[in-house]
Amino acid sequence: MRLRIRGTGSALPAHCVTNDELSRIMDTSDEWIVSRTGIHSRHISHGEATTDLCVQASRRALADAGMDAEELELIIAATVSPDDYLPNTGCAVQSAIGAVHAVAMELNAACAGFLFALNTVQAYIQAGIYRKALVIGGEVLSKMVDWEDRSTCVLFGDGAGAAVVEAAEEGYYFFCQGSDGRKGNVLSCRNRRVCNPFVSEEKALSEKEKQDYVRMDGREVFRFAVRTVPEAIREVLQRGERTVEEVDWFLLHQANERIISAVAKRLKVSEEKFPMNLDHCGNTSAASIPILLDEVNKKGLLKRGQTIVLSGFGAGLTWGAALLKW
Ligand code: ACO
(Lines give C-alpha, C1' and ligand atoms only; values in the text may rest on other atoms or scores of the structure.)
Protein backbone atom coordinates (compact mmCIF):
# COMPACT_ATOMS: atom_id res chain seq x y z
CA MET A 1 0.00 0.00 0.00
CA ARG A 2 1.09 3.54 -0.79
CA LEU A 3 0.24 6.98 0.49
CA ARG A 4 -1.86 8.98 -2.00
CA ILE A 5 -2.74 12.65 -1.42
CA ARG A 6 -6.51 13.10 -1.76
CA GLY A 7 -6.99 16.76 -0.84
CA THR A 8 -5.08 19.88 0.16
CA GLY A 9 -5.83 23.08 2.03
CA SER A 10 -4.01 26.12 3.36
CA ALA A 11 -4.56 29.22 5.46
CA LEU A 12 -2.66 32.49 5.72
CA PRO A 13 -3.24 35.31 8.21
CA ALA A 14 -5.11 38.18 6.56
CA HIS A 15 -2.45 40.76 7.43
CA CYS A 16 0.17 41.05 4.67
CA VAL A 17 3.42 42.94 5.33
CA THR A 18 5.46 44.23 2.39
CA ASN A 19 9.20 44.85 2.34
CA ASP A 20 8.52 48.58 2.14
CA GLU A 21 6.51 48.39 5.38
CA LEU A 22 9.45 46.61 7.02
CA SER A 23 11.83 49.27 5.77
CA ARG A 24 9.79 51.84 7.68
CA ILE A 25 10.38 50.07 11.01
CA MET A 26 13.95 48.80 10.52
CA ASP A 27 17.09 49.51 8.54
CA THR A 28 16.37 47.40 5.46
CA SER A 29 15.08 47.86 1.91
CA ASP A 30 12.89 46.14 -0.65
CA GLU A 31 15.93 45.95 -2.93
CA TRP A 32 18.07 44.15 -0.32
CA ILE A 33 15.38 41.63 0.60
CA VAL A 34 14.25 40.85 -2.95
CA SER A 35 17.77 40.51 -4.37
CA ARG A 36 18.96 38.23 -1.51
CA THR A 37 15.83 36.13 -1.05
CA GLY A 38 13.08 36.70 -3.65
CA ILE A 39 10.63 37.66 -0.88
CA HIS A 40 8.33 40.65 -1.57
CA SER A 41 5.82 40.24 1.27
CA ARG A 42 4.73 37.82 3.97
CA HIS A 43 1.60 37.22 6.04
CA ILE A 44 1.99 38.05 9.71
CA SER A 45 -0.40 36.99 12.45
CA HIS A 46 -2.61 39.66 13.95
CA GLY A 47 -3.56 37.25 16.71
CA GLU A 48 -4.23 34.05 14.77
CA ALA A 49 -2.58 31.19 16.65
CA THR A 50 -0.77 28.25 15.06
CA THR A 51 -3.73 26.00 15.87
CA ASP A 52 -6.22 28.45 14.28
CA LEU A 53 -4.30 28.36 11.00
CA CYS A 54 -3.85 24.57 11.16
CA VAL A 55 -7.59 24.08 11.78
CA GLN A 56 -8.55 26.31 8.86
CA ALA A 57 -6.10 24.57 6.51
CA SER A 58 -7.30 21.13 7.71
CA ARG A 59 -10.98 21.94 7.15
CA ARG A 60 -10.16 23.08 3.62
CA ALA A 61 -8.11 19.93 2.94
CA LEU A 62 -10.94 17.70 4.20
CA ALA A 63 -13.45 19.57 2.02
CA ASP A 64 -11.12 19.22 -0.99
CA ALA A 65 -10.77 15.48 -0.29
CA GLY A 66 -14.49 15.05 0.30
CA MET A 67 -13.69 13.31 3.57
CA ASP A 68 -15.40 13.60 6.93
CA ALA A 69 -13.14 14.35 9.93
CA GLU A 70 -14.59 11.31 11.70
CA GLU A 71 -13.02 9.05 9.04
CA LEU A 72 -9.50 10.14 10.02
CA GLU A 73 -7.37 7.59 11.87
CA LEU A 74 -4.20 9.65 12.27
CA ILE A 75 -3.27 13.34 12.55
CA ILE A 76 0.31 14.58 12.54
CA ALA A 77 0.91 18.30 12.92
CA ALA A 78 4.42 19.51 12.10
CA THR A 79 5.45 22.77 13.72
CA VAL A 80 8.27 24.57 15.49
CA SER A 81 5.91 27.22 16.85
CA PRO A 82 3.17 25.42 18.80
CA ASP A 83 0.76 27.54 20.83
CA ASP A 84 1.30 25.46 23.93
CA TYR A 85 3.71 22.91 25.37
CA LEU A 86 0.67 20.80 26.20
CA PRO A 87 -1.56 19.60 24.62
CA ASN A 88 0.15 19.02 21.29
CA THR A 89 -1.01 20.81 18.13
CA GLY A 90 -2.33 17.57 16.59
CA CYS A 91 -4.68 17.04 19.53
CA ALA A 92 -5.79 20.69 19.45
CA VAL A 93 -6.69 20.30 15.75
CA GLN A 94 -8.36 16.95 16.43
CA SER A 95 -10.64 18.58 18.99
CA ALA A 96 -11.52 21.54 16.76
CA ILE A 97 -12.41 19.50 13.68
CA GLY A 98 -14.07 16.61 15.55
CA ALA A 99 -11.73 13.86 14.37
CA VAL A 100 -12.89 11.68 17.25
CA HIS A 101 -11.45 8.40 15.93
CA ALA A 102 -7.95 9.69 15.15
CA VAL A 103 -4.74 9.41 17.13
CA ALA A 104 -3.04 12.82 17.08
CA MET A 105 0.50 13.98 17.61
CA GLU A 106 3.01 16.72 16.85
CA LEU A 107 6.33 16.44 15.05
CA ASN A 108 9.21 18.90 15.04
CA ALA A 109 11.76 18.59 12.25
CA ALA A 110 11.81 22.33 11.50
CA CYS A 111 11.41 23.19 7.82
CA ALA A 112 11.52 19.46 6.95
CA GLY A 113 8.67 18.79 9.40
CA PHE A 114 5.82 18.37 6.93
CA LEU A 115 7.93 16.03 4.80
CA PHE A 116 8.97 13.94 7.82
CA ALA A 117 5.31 13.77 8.92
CA LEU A 118 4.25 12.62 5.47
CA ASN A 119 7.02 10.00 5.46
CA THR A 120 5.86 8.81 8.88
CA VAL A 121 2.32 8.39 7.59
CA GLN A 122 3.65 6.44 4.60
CA ALA A 123 5.41 4.07 7.03
CA TYR A 124 2.17 3.55 8.99
CA ILE A 125 0.23 2.95 5.78
CA GLN A 126 2.85 0.54 4.44
CA ALA A 127 2.73 -1.36 7.72
CA GLY A 128 -1.05 -1.64 7.38
CA ILE A 129 -1.72 0.25 10.62
CA TYR A 130 -3.69 3.27 9.35
CA ARG A 131 -5.38 4.10 6.06
CA LYS A 132 -6.62 7.69 6.37
CA ALA A 133 -4.59 10.56 7.75
CA LEU A 134 -4.31 14.31 7.99
CA VAL A 135 -0.81 15.80 7.71
CA ILE A 136 -0.37 19.46 8.66
CA GLY A 137 2.44 22.00 8.66
CA GLY A 138 1.63 25.19 10.54
CA GLU A 139 3.65 28.07 11.96
CA VAL A 140 3.40 31.43 13.64
CA LEU A 141 7.08 32.28 13.38
CA SER A 142 6.47 35.99 13.92
CA LYS A 143 6.37 35.33 17.67
CA MET A 144 9.78 33.62 17.56
CA VAL A 145 11.86 35.96 15.46
CA ASP A 146 13.81 38.86 16.90
CA TRP A 147 12.20 41.92 15.31
CA GLU A 148 15.42 43.81 16.09
CA ASP A 149 17.51 41.40 14.02
CA ARG A 150 17.01 42.43 10.38
CA SER A 151 19.10 39.50 9.14
CA THR A 152 16.43 36.99 10.24
CA CYS A 153 13.06 38.68 10.81
CA VAL A 154 12.60 39.74 7.17
CA LEU A 155 12.82 36.13 6.00
CA PHE A 156 9.90 34.50 7.78
CA GLY A 157 6.11 34.43 7.51
CA ASP A 158 3.12 32.77 9.18
CA GLY A 159 0.69 30.24 7.71
CA ALA A 160 -0.44 26.62 7.55
CA GLY A 161 -1.01 23.91 4.96
CA ALA A 162 -2.57 20.47 5.19
CA ALA A 163 -2.96 17.32 3.13
CA VAL A 164 -5.53 14.56 3.52
CA VAL A 165 -3.97 11.25 2.55
CA GLU A 166 -5.23 7.75 2.03
CA ALA A 167 -3.80 4.28 1.46
CA ALA A 168 -3.94 3.27 -2.21
CA GLU A 169 -3.07 0.08 -4.08
CA GLU A 170 -1.87 2.02 -7.09
CA GLY A 171 0.88 4.59 -7.37
CA TYR A 172 4.19 4.95 -5.57
CA TYR A 173 5.78 6.80 -2.68
CA PHE A 174 9.50 6.65 -2.00
CA PHE A 175 11.38 8.75 0.50
CA CYS A 176 14.77 9.43 2.01
CA GLN A 177 15.52 11.56 5.05
CA GLY A 178 18.43 12.49 7.22
CA SER A 179 19.58 14.63 10.11
CA ASP A 180 22.81 15.88 11.64
CA GLY A 181 22.41 17.00 15.24
CA ARG A 182 26.04 18.12 15.37
CA LYS A 183 25.01 21.14 13.29
CA GLY A 184 22.27 22.21 15.69
CA ASN A 185 23.73 25.67 16.23
CA VAL A 186 23.45 26.67 12.58
CA LEU A 187 19.78 27.48 13.11
CA SER A 188 18.30 27.50 16.59
CA CYS A 189 15.81 28.97 19.03
CA ARG A 190 16.35 27.99 22.63
CA ASN A 191 13.57 27.05 25.03
CA ARG A 192 13.43 27.38 28.80
CA ARG A 193 16.57 26.47 30.72
CA VAL A 194 16.46 24.34 33.85
CA CYS A 195 14.75 26.45 36.49
CA ASN A 196 13.23 24.94 39.64
CA PRO A 197 13.35 25.45 43.44
CA PHE A 198 16.44 23.25 43.67
CA VAL A 199 18.73 25.38 41.52
CA SER A 200 20.33 28.43 43.14
CA GLU A 201 18.05 31.45 43.48
CA GLU A 202 20.39 33.64 41.46
CA LYS A 203 20.55 31.15 38.59
CA ALA A 204 16.80 30.56 38.65
CA LEU A 205 16.12 34.29 38.39
CA SER A 206 18.52 34.88 35.53
CA GLU A 207 17.22 31.85 33.59
CA LYS A 208 13.64 33.02 34.02
CA GLU A 209 14.50 36.35 32.44
CA LYS A 210 16.13 34.83 29.39
CA GLN A 211 14.15 34.67 26.18
CA ASP A 212 15.63 33.51 22.98
CA TYR A 213 14.70 34.05 19.35
CA VAL A 214 15.55 32.38 16.06
CA ARG A 215 19.30 32.59 15.43
CA MET A 216 20.79 31.61 12.11
CA ASP A 217 24.09 31.36 10.31
CA GLY A 218 22.60 32.24 6.91
CA ARG A 219 25.65 31.40 4.83
CA GLU A 220 26.05 27.99 6.44
CA VAL A 221 22.33 27.24 5.84
CA PHE A 222 22.77 28.28 2.22
CA ARG A 223 25.78 26.00 1.70
CA PHE A 224 24.02 23.10 3.45
CA ALA A 225 20.86 23.48 1.37
CA VAL A 226 22.44 23.71 -2.08
CA ARG A 227 24.61 20.67 -1.34
CA THR A 228 22.10 18.44 0.47
CA VAL A 229 18.86 19.01 -1.45
CA PRO A 230 20.12 17.84 -4.88
CA GLU A 231 21.73 14.82 -3.19
CA ALA A 232 18.45 13.91 -1.44
CA ILE A 233 16.49 14.33 -4.68
CA ARG A 234 18.93 12.14 -6.61
CA GLU A 235 18.76 9.51 -3.87
CA VAL A 236 14.97 9.34 -3.85
CA LEU A 237 14.88 9.18 -7.66
CA GLN A 238 17.31 6.29 -7.53
CA ARG A 239 15.10 4.50 -4.99
CA GLY A 240 12.09 5.00 -7.25
CA GLU A 241 14.08 4.09 -10.38
CA ARG A 242 13.17 7.37 -12.07
CA THR A 243 15.14 10.11 -13.74
CA VAL A 244 14.97 13.86 -13.13
CA GLU A 245 13.46 14.25 -16.61
CA GLU A 246 10.47 12.13 -15.58
CA VAL A 247 9.54 14.49 -12.72
CA ASP A 248 6.71 16.92 -13.50
CA TRP A 249 7.05 19.15 -10.42
CA PHE A 250 9.66 19.76 -7.74
CA LEU A 251 8.05 21.29 -4.64
CA LEU A 252 10.82 22.48 -2.35
CA HIS A 253 10.81 24.11 1.05
CA GLN A 254 10.49 27.83 0.36
CA ALA A 255 13.48 29.35 2.16
CA ASN A 256 15.12 31.39 -0.52
CA GLU A 257 14.76 31.83 -4.29
CA ARG A 258 18.52 31.59 -4.76
CA ILE A 259 18.61 28.19 -3.04
CA ILE A 260 15.84 26.87 -5.31
CA SER A 261 17.55 28.25 -8.43
CA ALA A 262 20.85 26.67 -7.39
CA VAL A 263 19.16 23.29 -6.85
CA ALA A 264 17.46 23.47 -10.27
CA LYS A 265 20.80 24.32 -11.87
CA ARG A 266 22.62 21.47 -10.14
CA LEU A 267 19.94 19.01 -11.25
CA LYS A 268 19.99 20.52 -14.77
CA VAL A 269 16.22 21.01 -14.68
CA SER A 270 14.30 24.09 -15.85
CA GLU A 271 13.28 26.38 -13.00
CA GLU A 272 9.76 26.29 -14.45
CA LYS A 273 9.36 22.90 -12.80
CA PHE A 274 10.04 24.50 -9.40
CA PRO A 275 6.92 26.48 -8.44
CA MET A 276 7.55 29.09 -5.75
CA ASN A 277 5.40 31.10 -3.38
CA LEU A 278 8.03 32.64 -1.16
CA ASP A 279 7.55 35.95 -2.99
CA HIS A 280 4.25 36.44 -1.12
CA CYS A 281 4.64 34.02 1.84
CA GLY A 282 8.28 34.31 2.89
CA ASN A 283 9.71 31.29 4.66
CA THR A 284 6.94 29.55 6.61
CA SER A 285 9.12 26.65 7.83
CA ALA A 286 7.05 23.43 8.18
CA ALA A 287 4.10 25.10 6.46
CA SER A 288 5.89 26.07 3.25
CA ILE A 289 5.60 22.75 1.36
CA PRO A 290 1.90 22.10 2.12
CA ILE A 291 0.95 25.73 1.37
CA LEU A 292 2.76 25.47 -1.96
CA LEU A 293 1.20 22.06 -2.64
CA ASP A 294 -2.25 23.54 -2.07
CA GLU A 295 -1.53 26.56 -4.27
CA VAL A 296 -0.37 24.49 -7.25
CA ASN A 297 -3.22 22.04 -6.70
CA LYS A 298 -5.84 24.79 -6.65
CA LYS A 299 -4.31 26.38 -9.74
CA GLY A 300 -4.95 23.05 -11.51
CA LEU A 301 -1.26 22.49 -12.23
CA LEU A 302 -1.23 19.01 -10.68
CA LYS A 303 -2.76 16.29 -12.86
CA ARG A 304 -3.50 12.79 -11.59
CA GLY A 305 -0.70 10.44 -12.63
CA GLN A 306 2.01 13.12 -12.56
CA THR A 307 5.31 12.52 -10.79
CA ILE A 308 6.07 14.91 -7.93
CA VAL A 309 9.18 15.40 -5.83
CA LEU A 310 8.95 17.12 -2.44
CA SER A 311 12.07 18.22 -0.60
CA GLY A 312 12.50 19.89 2.77
CA PHE A 313 15.54 21.03 4.76
CA GLY A 314 16.02 22.97 7.93
CA ALA A 315 17.17 23.24 11.51
CA GLY A 316 18.45 20.15 13.23
CA LEU A 317 19.91 19.92 10.69
CA THR A 318 17.23 17.91 8.92
CA TRP A 319 16.59 17.16 5.25
CA GLY A 320 14.79 14.76 2.98
CA ALA A 321 12.88 14.13 -0.21
CA ALA A 322 9.83 12.18 -1.33
CA LEU A 323 8.87 10.91 -4.78
CA LEU A 324 5.19 10.31 -5.32
CA LYS A 325 2.52 9.79 -7.92
CA TRP A 326 -0.13 12.49 -7.77
N1 ACO B 1 18.50 44.53 5.16
C2 ACO B 1 19.62 45.18 4.83
N3 ACO B 1 20.83 44.73 5.12
C4 ACO B 1 20.93 43.55 5.77
C5 ACO B 1 19.79 42.81 6.15
C6 ACO B 1 18.54 43.35 5.84
N7 ACO B 1 17.39 42.71 6.13
N8 ACO B 1 20.20 41.69 6.78
C9 ACO B 1 21.55 41.71 6.80
N10 ACO B 1 21.98 42.84 6.19
C11 ACO B 1 23.34 43.26 5.97
C12 ACO B 1 24.30 42.71 6.99
O13 ACO B 1 24.30 43.48 8.17
C14 ACO B 1 25.60 42.76 6.24
O15 ACO B 1 26.08 44.08 6.30
P16 ACO B 1 27.66 44.38 6.47
O17 ACO B 1 28.29 43.77 5.24
O18 ACO B 1 27.71 45.86 6.52
O19 ACO B 1 28.06 43.68 7.72
C20 ACO B 1 25.21 42.49 4.80
O21 ACO B 1 23.80 42.76 4.71
C22 ACO B 1 25.48 41.08 4.38
O23 ACO B 1 24.94 40.20 5.36
P24 ACO B 1 24.97 38.65 5.17
O25 ACO B 1 24.29 37.97 6.31
O26 ACO B 1 26.38 38.24 4.85
O27 ACO B 1 24.07 38.52 3.89
P28 ACO B 1 24.02 37.40 2.82
O29 ACO B 1 24.39 37.98 1.52
O30 ACO B 1 24.72 36.15 3.27
O31 ACO B 1 22.47 37.11 2.79
C32 ACO B 1 20.83 35.56 3.63
C33 ACO B 1 21.78 36.71 3.98
C34 ACO B 1 19.79 36.06 2.64
C35 ACO B 1 20.12 35.06 4.88
C36 ACO B 1 21.70 34.47 3.00
O37 ACO B 1 22.74 34.09 3.86
C38 ACO B 1 20.92 33.27 2.64
O39 ACO B 1 20.27 33.25 1.63
N40 ACO B 1 21.00 32.21 3.47
C41 ACO B 1 20.21 31.05 3.32
C42 ACO B 1 19.50 30.85 4.56
C43 ACO B 1 18.04 31.05 4.47
O44 ACO B 1 17.45 31.38 3.47
N45 ACO B 1 17.46 30.79 5.60
C46 ACO B 1 16.08 30.85 5.73
C47 ACO B 1 15.70 30.18 6.98
S48 ACO B 1 16.44 28.67 7.19
C49 ACO B 1 15.56 27.47 6.49
O50 ACO B 1 14.48 27.69 6.06
C51 ACO B 1 16.17 26.16 6.41
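Above this text sits the structure in question.
Residues numbered from 1 in each chain as written. Predicted model: local features only at pLDDT ≥ 70, side-chain atom pairs only at ≥ 80, totals over all residues. Heavy atoms only, no water.

This next bit is on the site of the ligand. Residues in contact with the ligand amount to 23 residues; listed here are only the nearest, Thr28, Arg219, His253, Asn256 and Asn283. Taking Arg219, its side chain carries an N or O atom lying 2.7 Å from an oxygen atom of the ligand. Within the side chain of Arg258, a nitrogen or oxygen atom sits 3.3 Å from an oxygen atom of the ligand. Computed on the free molecule, the ligand has an accessible area of 1000 Å², of which 74% lies beneath the protein chains in the complex. Listing elements by their share of the shell around the ligand, those giving two or more residues are helix H2 (30-37), helix H6 (150-153), helix H8 (218-239) and strand S12 (307-314). The element that contributes the greatest number of residues to the shell around the ligand is H8, accounting for four residues. Per-class residue counts for the shell around the ligand are 10 nonpolar, eight polar and five charged. (Near = heavy atom within 4 Å. Polar contact = N/O pair within 3.5 Å; in protein donor to acceptor, adjacent residues only side chain to side chain. Areas by Shrake-Rupley, 256 points an atom, 1.4 Å probe, with all protein chains shown as cover. Helix = DSSP H or I, 4+ residues; strand = E, 2+ residues; numbered from the N terminus. Nonpolar A, V, L, I, M, F, W, Y, C, P; charged D, E, K, R; others polar.)

For the rest of this paragraph, the subject is the pattern of salt bridges. Taken as a whole and assessed by the stated rule, the structure comprises 11 salt bridges. Between Asp27 and Arg150 there is a salt bridge, and its shortest N-O distance comes to 3.4 Å. Of this pair, Asp27 sits in the loop between helix H1 (19-25) and H2 while Arg150 sits in helix H6, and the two are 123 residues apart along the sequence. Residues participating in the shared-partner salt-bridge network are Asp146, Asp212 and Arg215. (Salt bridge = Lys/Arg side-chain N within 4 Å of Asp/Glu carboxyl O.)

Now for unusual backbone geometry. The omega torsion across Leu86 and Pro87 is -5°, close enough to zero to call that bond cis. Inspection of the secondary structure puts Pro87 in the loop between strand S4 (74-78) and helix H4 (89-97). The step from Gly316 to Leu317 runs through a cis peptide bond, and the omega angle for that step is -5°. Phi angles above zero are rare outside glycine, and Lys268 is one such case at about 60°. Relative to the elements of secondary structure, Lys268 occurs in the loop between helix H9 (257-267) and helix H10 (278-281). Given the relative accessible area of 75%, Lys268 is considered exposed. You will see that Ser285, though not glycine, has its phi angle at about 50°, which is positive. Take Ser285: it is sitting in the loop between H10 and helix H11 (288-298). (Buried < 20%, exposed > 50% of the residue type's maximum accessible area, 1.4 Å probe, protein only.)

Keep in mind these values describe shape, not function.
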